[in-house]
Amino acid sequence: MEISGYSYQFQCFLKEMTESWDGSYDTGSQSDESYHLERTHIEPIYDAFVCPLTKQIMLDPVTLENGQTFEREAIEKWFKECKESGRKLVCPLTQRELRNADLNPSMALRNTIEEWIARNEAAQRDIAHRSLSLGSSENEVLQALKYIQHICQKSRSNKHAIRNAELIPKIVDMLKNSSRRVRCKALETLRIVVEEDADNKEVMGEGDTIRTIVKFLSHEHSKEREEAVSLLYELSKSEALCEKIGMVNGAILILLGMASSNSENVLAVEKADKTLENLERCEKNVLQMAENGRLQPLLTLLLEGAPETKLAMAAFLGELVLSNDVKVFVARRVGSSLVNVMRSGNMKLREAALKALNQISSCEASAKVLIEETGILPPLVKDLFTVGGNQLPMRLKEISATVLANIVNSGYDFDSVPLGSDHHHTLVSEDIIHSLLHLISNTGPAIECKLLQVLVGLTGSPNTVLDVVAAVKSSGAIISLIQFIEAPQQDLRSASIKLLQNLSPHMGPELADALCGTAGQLGGLIKVISETDGIMEEQAAAVTMLADLPERDIGLTRQLLDEGAFEVFISRLVRFRQGETRGSRFMTPYLEGLVRVLSRLTFVLAEEPDAVAMARENNLAALFTDLLQVNGLDNVQMVSAMALENLSQESKRLTRLPELPKPGFCASIFPCISKPPGITGLCRLHHGTCSFKDTFCLLEGKAVGKLVTCLDHTNEKVVEAALAALCTLLDDDVDVEQGVNVLCEADAIKLILDVLVENRSEILRQRSVWAVERILRTEDIAYEVSGHPNVNTALVDAFRHGDFRTRQIAERALKHVDKIPNFSGVFPNK
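Throughout this description, residue numbers start from 1 for each chain and increase along the sequence as written. With pLDDT at 70 or above as the cut-off, local features in this predicted model cover only qualifying residues; side-chain atom pairs require 80 or more to be listed or tallied, and sums for whole chains, interfaces and linings still use all residues. To obtain the side-chain values, all non-hydrogen atoms of the structure were used and water was disregarded.

**Some words on the overall build of the chain**
Going along the chain from the N terminus, every DSSP run of H or I of four or more residues is numbered as a helix, and every run of E of two or more is numbered as a strand. A count of helical and extended segments in the chain gives 46 helices and three strands. Principal-axis analysis of the C-alpha atoms places the extent of the chain at approximately 175 × 70 × 55 Å. Working definition: with a 1.4 Å probe on protein chains only, accessible area under 20% of the residue-type maximum means buried, over 50% means exposed, and in between means partly exposed. Within the chain, the proportion of its 830 residues that are buried is 50%. Sequence-distant contacts in the chain: of pairs separated by 6 or more residues, those separated by 24 or more amount to 66%. With residues, only the protein chains shown are counted as cover, and all accessible areas are computed by Shrake-Rupley using a 1.4 Å probe. Split by element, the accessible area of the chain, about 39,500 Å² in all, is 49% carbon and sulfur. Throughout, a contact is declared for two residues whenever any of their heavy atoms are within 4.5 Å.

**Focus on helix H34 (residues 609-617)**
What H34 keeps buried is the set Ala611, Val612, Met614 and Ala615. End-on, the buried residues of H34 take up no more than an arc of 160 degrees, which puts them together on one face. Facing away from the buried side of H34, by more than 90 degrees, are the exposed residues Pro609 and Glu617. Where the residues of H34 are buried, they touch helix H31 (554-562), helix H32 (565-577), helix H35 (620-627) and helix H37 (651-654). Following H34 by one or two positions, Asn619 adopts a phi angle in the positive range, close to 50 degrees. Each direction from the helix axis to a C-beta atom contributes to the arc, which is the arc of those directions.

**A few points about the UniProt feature "domain: U-box" (unreviewed entry) in the chain**
UniProt positions are given in the numbering used here, feature names are shortened, and annotations may be inferred rather than shown by experiment. Within this structure's numbering, the places UniProt gives as "domain: U-box" (unreviewed entry) are residues 44-123. For residues 44-123, the helix share is 39%, the strand share is 10%, and the end-to-end C-alpha distance is 12 Å.

**Quick look at the pattern of salt bridges**
Only one rule defines a salt bridge in this text: a Lys or Arg side-chain nitrogen within 4 Å of an Asp or Glu carboxyl oxygen. Applying the stated criterion to the full structure yields 39 salt bridges. For Glu114, the salt bridge goes to Arg110, with nearest N and O atoms at 3.3 Å. Highlighted residues: Glu114 and Arg110, both in helix H4 (residues 107-131), separated by four residues, approximately one helical turn. Both residues of the pair, Glu114 and Arg110, count as buried. One salt bridge connects Glu188 with Lys185, and the closest N-O pair in it is separated by 3.5 Å. Here the residue Glu188 and the residue Lys185 both occupy positions in helix H8 (residues 180-194), the gap between them amounting to three residues, near one helical turn.

**Remarks on the sheet that holds strand S1 (residues 61-63)**
Where strands meet in a sheet, backbone hydrogen bonds hold them as pairs that are either parallel or antiparallel. Pairing between strands requires that DSSP locate at least two bridges from one strand to the other. Taken in spatial order, the three strands of this open sheet run S2-S1-S3, and their pairing is antiparallel. Here the strands that pair on one side only, and so sit at the sheet edges, are strand S2 (69-71) and strand S3 (104-105). The pairing of S1 with S3 spans two bridges and is classified as antiparallel. Paired with Val62 across the bridge in S3 is Pro105. This element, helix H3 (residues 72-85), spans S1, S2 and S3 of the sheet and lies at about 95 degrees to S2. Convention adopted: a line fitted to C-alpha atoms gives each axis, helices being fitted over their contacting stretch, and angles between N-to-C directions are expressed from 0 to 180 degrees.

**Considerations on the side chain of Thr464**
Residue position: Thr464 is located in the loop between helix H24 (445-459) and helix H25 (465-475). On the accessibility criterion, Thr464 (1% relative accessible area) is buried. Residues in contact with Thr464, not counting those within four places in the same chain, are Phe414, Asp415, Val428 and Leu458.

**Remarks on the packing of helix H21 (residues 377-385) against helix H22 (residues 394-408)**
At a minimum axis separation of 9 Å, H21 and H22 run at an interaxial angle of 140 degrees. With respect to H22, the axis of H21 lies oblique. The two elements H21 and H22 meet at a crossing, and its hand is left-handed. Counting all contacts with H21, which are made through Leu377, Leu380, Asp383 and Leu384, the residues of H22 involved are Lys397, Ser400, Ala401, Val403, Leu404 and Ile407. Looking at the contact of H21 with H22, its residues break down into seven nonpolar, one polar and two charged. In these notes the angle categories are as follows: under 35 degrees is roughly parallel, over 145 is roughly antiparallel, 65 to 115 is roughly perpendicular, and the rest is oblique. Less than a right angle of anticlockwise turn of the near helix away from the far helix marks a crossing as left-handed, whereas a clockwise turn marks it as right-handed. As a working rule, the residues Ala, Val, Leu, Ile, Met, Phe, Trp, Tyr, Cys and Pro are called nonpolar, Asp, Glu, Lys and Arg charged, and the rest polar, with Gly in that last group.

**Points about the side chain of Glu720**
Among the secondary structure elements, Glu720 is positioned in helix H40 (residues 716-727). Charged residues are defined here as Lys and Arg on the positive side and Asp and Glu on the negative side; His and the ends of the chain fall outside this count. Buried charge without a partner: Glu720 forms no salt bridge, and the closest opposite charge is Lys717, 4.1 Å away. Setting aside chain neighbours within four positions, we find Glu720 in contact with Ser761, Ile763, Leu764 and Arg767.

**Let's talk about the environment of Lys819**
Relative to the helices and strands, Lys819 resides in the segment after helix H46 (804-816). Along the primary structure Lys819 and Asn792 are separated by 27 residues, whereas in three dimensions their C-alpha atoms are 8.1 Å apart. With residues near it in sequence (within four places) discarded, Lys819 still touches Ser786, Asn792 and Leu814.

**Some remarks on the packing of aromatic side chains**
To pair, rings of Phe, Tyr and Trp, with the six-membered ring standing in for Trp, must have centres within 6.5 Å; the planes then decide the type, stacked if under 30 degrees apart, edge-to-face if over 60, and tilted in the middle. This structure, assessed with the given rule, holds three aromatic pairs. For the ring pair Phe49 and Trp116, a centre distance of 5.5 Å and an interplane angle of 65 degrees mean the geometry is edge-to-face. Of the two residues, Phe49 sits in the loop between helix H2 (32-40) and S1 while Trp116 sits in helix H4, which places them 67 residues apart along the sequence. Accessibility expressed as a relative area gives 5% for Phe49, which makes it buried. A network of ring pairs unites the aromatic residues Tyr46, Phe49 and Trp116 as a single cluster.

**Points about unusual backbone geometry**
Residues other than glycine seldom take positive phi values, yet Lys55 does so here, at roughly 60 degrees. Along the polypeptide, Lys55 turns up in the loop between H2 and S1. Although it is not a glycine, Gln95 sits at a positive phi angle of roughly 65 degrees. Mapped onto the elements of the fold, Gln95 is located in the loop between H3 and S3.

**Concerning the environment of Leu525**
Tracing the backbone through its elements, the reader meets Leu525 in helix H29 (residues 521-529). Among the residues examined, Leu525 registers a relative accessible area of 0% and is labelled buried. Each C-alpha atom, one on Leu525 and one on Glu608, is 23 Å from the other, the two residues being 83 residues apart in sequence.

**What to know about the confidence of the model for the chain**
Should the pLDDT be low somewhere, the predicted coordinates at that spot are not to be read in detail. The predictor attaches a confidence to each residue, and that confidence, scored 0 to 100, is pLDDT. Mean pLDDT over the chain works out to 86, with 90% of the residues at or above the 70 mark. Here residues 1-41 scores under 50 on pLDDT; set against residues more than four positions off or in separate chains, the count is 67 contacts. Across residues 825-830 the pLDDT falls below 50, and counting only partners more than four positions away or on other chains, this stretch makes zero contacts in the model.

**A word on H40**
Relative to the 16 Å expected for 12 residues at 1.5 Å per residue, H40 spans 16 Å between its end C-alpha atoms, a close match to the ideal helical length. Most of H40 sits inside the fold, with 10 of its 12 residues counted as buried. Residues Val718, Val719, Glu720, Ala721, Ala722, Leu723, Ala724, Ala725, Leu726 and Cys727 constitute the buried set of H40. Buried residues along H40 sit against helix H36 (634-649), helix H39 (704-710), helix H41 (736-745), helix H42 (749-758) and helix H43 (762-775). Regarding H40, its N-cap is Asn715, as a side-chain oxygen of that residue lies 2.9 Å from the backbone nitrogen of Lys717 further along. By definition here, a helix of n residues has an expected span of 1.5 Å times n minus one. Two N or O atoms count as a polar contact when they lie within 3.5 Å, although within protein this holds only if one can serve as hydrogen donor and the other as acceptor, and sequence-adjacent residues are included solely when both atoms are side-chain atoms.

**Some thoughts on the packing of helix H5 (residues 138-154) against helix H6 (residues 156-164)**
At a minimum axis distance of 5 Å, the contact between H5 and H6 shows a crossing angle of 135 degrees. Taken together, the axis directions place H5 and H6 in an arrangement best described as oblique. Across the interface between the two elements, Ile148, Ile151 and Cys152 from H5 touch Asn158, Lys159 and Ile162 from H6. In terms of residue class, the contact of H5 with H6 is built from four nonpolar, one polar and one charged.

Listed below in structure tokens is the structure:
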């Protein structure tokens, strides 16, 4: 019976009552008054209560035939030892032989002992109750808590007695004690009190107790944290308390932190993790855990829960913000299940599944998992294209379109992913692209934006862009796509511009014609490019798209002139050079695009007088020369050099030649004695009046030195463009001898020879061979170069391996250095 443990417990307590916290005897640590007070409440131990063998209070007293009383267990052990040793059966107290081993229960004595124990324990509980108060000393409180622990560990009925004596609230009050030792002991005592006792747990759940316990999880003192988490673990075994623990603000987050800690006590980490496992029985707690990064419980419920639970978990998953690593984990764990739900007839479940898929598909790695492991593409495309009674509501089609956009922008090779069992249709099949284009023209802005993003993803891959281009051409959809440039919705406009940017390298003439043939779109594009609120992706895409259009399309250039686009772009470039434009990650493509669009003017100078006027008015030659010095932007330097080449080629046509005075009478009769009048201030190259601003003469503008510097660039494209621009100084339309002198003065000869020797590309070989042949027409230079073995070898190599024209030029160059004899005078002229 339960009472059987009382006597031993009580004796232990009597001994402990005179011991201090650390177990050593120290009666001085407790006042004499309180010590005697405790003793007066305990009835004396009667000798009849004590077993002669064990010297302990008897639990089950029995009497022998001679009237002596012993503890049943002790006397039975005595009889057994007598029997095993072959001795006579004697009374252990009198040593007289007994006739039998009969044991008669002493019920009256037993009842008396039980009553005595009950009275004493009631007295001790009363002492403990009075000791657990703010006025008690630390030692009194500790002794009371130790007593409660002791009796609760020995009997479950004692736990009931502790509850009935209303000691639990008194222990809880000790959590607010100023002594850390008391607080730790109180937490430990509460854990013992509630172990395997649902009623005591229920009492603990009342009021603000759980919140108080949770606060200890944040204490710096590790002992308090360990005791608090152990107590919470015991409380969490009660399903009724799981929700209450989860309702305490921050409780689950703190437990998650402890469970994943590398510095916490191992036992505390284990208890925190087990507590969380218990809390998972409450769905609200599962949602909290998911929100704070512990997703496994939610995913398990999503896979194994009841339909309404699956719905709740999927819906919540769709609202979570997940890291990319977690998205991959979720895609692998529940991706297939979510895709299967898409095929079900339950619209609520489908909506929740789509929202969850939208969340986890928004990273490249997780999108690839969904493609490869779940077969997500066929049901997605079906959801988008199905019409009639089985079609999805428009709000769900929008989510489907968003998921498809996420999937497509993962960079996967979609021309190898079949959409059906026949393996003939893929996402870039012509009929599928036609269907997407048709859907774009017949839905609302939200879906249109997402479908445009799908096409952006498909055209962003070199493996699929040509398939989309072919479908756009065959459908004649370019006009409708351009319309979106004027869309009031920023995201829709941005998506359309990105798509047009991807199409422009492959559909330049069609895009240029469409922009010129529709009203407003070109102006809308210029407006986007010229917005002043920093450089955004949309602006960079718009100017890049425009830059990719055919540079010699006079019609487009004229319309850009009419729209005032070039003045706007020049202003933006000037602001950039002056440091007034805010930088961003889109600054480089934006600037490259501006320079490329502006360079269009230099391709139509001969045919378009307005282009010449624009270049003069804005001193474009100086601007492009300045841009040669933009370090780190190779394409800007390359395009600027190309523009200077175009401008320089127009210099001979634009140079104003001097009007010579008519010869006098004598000069007309005796021309041999006449000399032409000398005119000063003429250009050495063009023999006319030149200026950098009006005739774009490189020599006048001091651009030669900056182009020469570019010959030493690490990017061969920049070198090609710079060399081409410098070659305009050696054209047949200029004074070649003076051109060579100009290059000599700019220390360009050696660099041009180095370009020839290095032979970095076929274009560079062709241009450098041409330039070197012109330079070698100067005898002094030819003589000096003739002894340069590397140059001679490079010329021989060009003569042997170049194309027809390069071989011809290389042959002439080799003749200049006497490596090939000149046979021009051997045969008579016909």
